[in-house]
Amino acid sequence: MSTIERESESAVRLNYVEIEGVTLLELLEGVSSHASKDKSLRTLNAVQLESAGGDLIARATDRYRLIEGAVRYREGDLELSLVSLEDIKKVITLLKAHKAHLINLTRIGDALTVSALGDAITFTLLDGNYPPMVQLLSDSEREPVSVQGMAFNPAFMSDYVKIAGKGAPVKFYFNGDNKPVRVRITGDKITWRALLMPMKYTD
């Protein structure tokens with residue numbers, strides 16, 4: 001095997017992740033609810049994926065809220081990848097038919113393939129600058145403070161309920177008047193971090 005062939009094989013191996021179908025489905029369904037629905041906002045009408053420290057991490061934001069989910073996976077490594085919301089929906093459809101199976105995510109260049117038991121879809125990844133979500137989430141993790149009162153879009157609350165599951169609590173930590181609120185969602189397998197931007201409101 002030539003040096004080029006060995007390097008190519010290594011690149012493929014380093015961009016391969018194996019994960020349980022039911023877990024990936026929960027992760028993508030939860031995160032994609034926060035992606036922008038506006039297709040003109042190309043990099044926000046998407047979900048960001050990467051592996052780090054043994055976790056597969058997914059992130060999304062629509063400018064009014066943002067969320068990150070992290071879950072352990074079986075093996076492999078995946079570099080930072082930006083997937084359009086349209087393609088994420090196709091992946092979710094595939095996963096619903098393979099909840100009990102292992103899912104493979106394989107990246108070669110700017111193409112990502114998601115496969116399970118002979119079913120597979122391949123799509124082209126997006127390029128572009130994604131918001132610094134990791135920094136925003138880290139900055140929010142401080143001691144909560146008391147506030148006079150804040151307003152939020154009530155439609156967003158239903159998404160938190162769906163992610164948390166029936167009967168599970170969702171906790172809000174306030175960082176100051178008119179500052180993003182840290183949202184704590186407790187999951188069995190997935191570690192969630194989220195921020196919610198307040199609305200302007202006049203009594």
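What counts and what doesn't
- Residues numbered from 1 in each chain as written.
- Predicted model: local features only at pLDDT ≥ 70, side-chain atom pairs only at ≥ 80, totals over all residues.
- Heavy atoms only, no water.
- Pairing = 2+ DSSP bridges.
- Helix = DSSP H or I, 4+ residues; strand = E, 2+ residues; numbered from the N terminus.
- Axes fitted to C-alpha atoms, helices over the stretch in contact; angles between N-to-C directions.
- Contact = heavy atoms within 4.5 Å.
- Core = buried A, V, L, I, M, F, W, Y, C linked by side-chain atoms within 4.5 Å.
- Buried < 20%, exposed > 50% of the residue type's maximum accessible area, 1.4 Å probe, protein only.
- Salt bridge = Lys/Arg side-chain N within 4 Å of Asp/Glu carboxyl O.

Sorry if this is basic, but what is going on with the sheet that holds strand S2 (residues 46-52) here?
Strand pairing within a sheet occurs via backbone hydrogen bonds; the two strands may be parallel or antiparallel. Taken in spatial order, the 7 strands of this open sheet run S6-S2-S3-S4-S12-S11-S10, and their pairing is antiparallel. Unpaired on one side and paired on the other, strand S6 (81-84) and strand S10 (170-173) mark the two borders of the sheet. Across the sheet, the axes of successive neighbouring strands diverge by a mean angle of 20°, strand direction being ignored. In the sheet, S2 pairs with S6 via 4 bridges, with the strands oriented antiparallel. Bridged to glutamine 48 within S6 is leucine 82. Against the sheet, helix H4 (residues 133-140) contacts strand S3 (55-61), strand S4 (65-72), strand S11 (181-185) and strand S12 (191-196), and its axis sits at roughly 85° relative to S12.

What is the right way to read the nonpolar core from this model?
The nonpolar side chains of a soluble globular protein tend to be buried with one another. Grouped together as the largest cluster of nonpolar side chains are 51 residues, with contacts concentrated most on Ile19, Leu24, Leu27, Leu28 and Leu105. When residues of this core are assigned to their parent elements, the largest contribution, 6 residues, is made by helix H3 (residues 85-96). Here leucine 27 is in contact with Leu56, Ala58, Gly69, Ala70, Val71, Ile190 and Trp192, once residues within four sequence places are set aside.

Would you mind going over the pattern of salt bridges with me for this structure?
Side chains bearing opposite charge may pair, as long as their charged atoms lie close to each other. A full pass over the atoms with the stated rule returns 13 salt bridges. The partner of arginine 107 in a salt bridge is glutamate 79, and the shortest N-O contact between them spans 3.8 Å. Here the residue arginine 107 occupies a position in strand S7 (residues 102-108), and glutamate 79 occupies one in the loop between strand S5 (75-77) and S6, the gap between them amounting to 28 residues. Of the charged contacts, one joins aspartate 87 and lysine 90 as a salt bridge, the two residues approaching to 3.7 Å between their closest N and O atoms. Placement of the pair is aspartate 87 and lysine 90 together in helix H3, with a separation of 3 residues, close to one helical turn. Judged by its relative accessible area of 43%, lysine 90 falls in the partly exposed class. Put simply, Glu50, Arg59, Glu68, Glu141 and Arg193 are held in one network by salt bridges that share partners.

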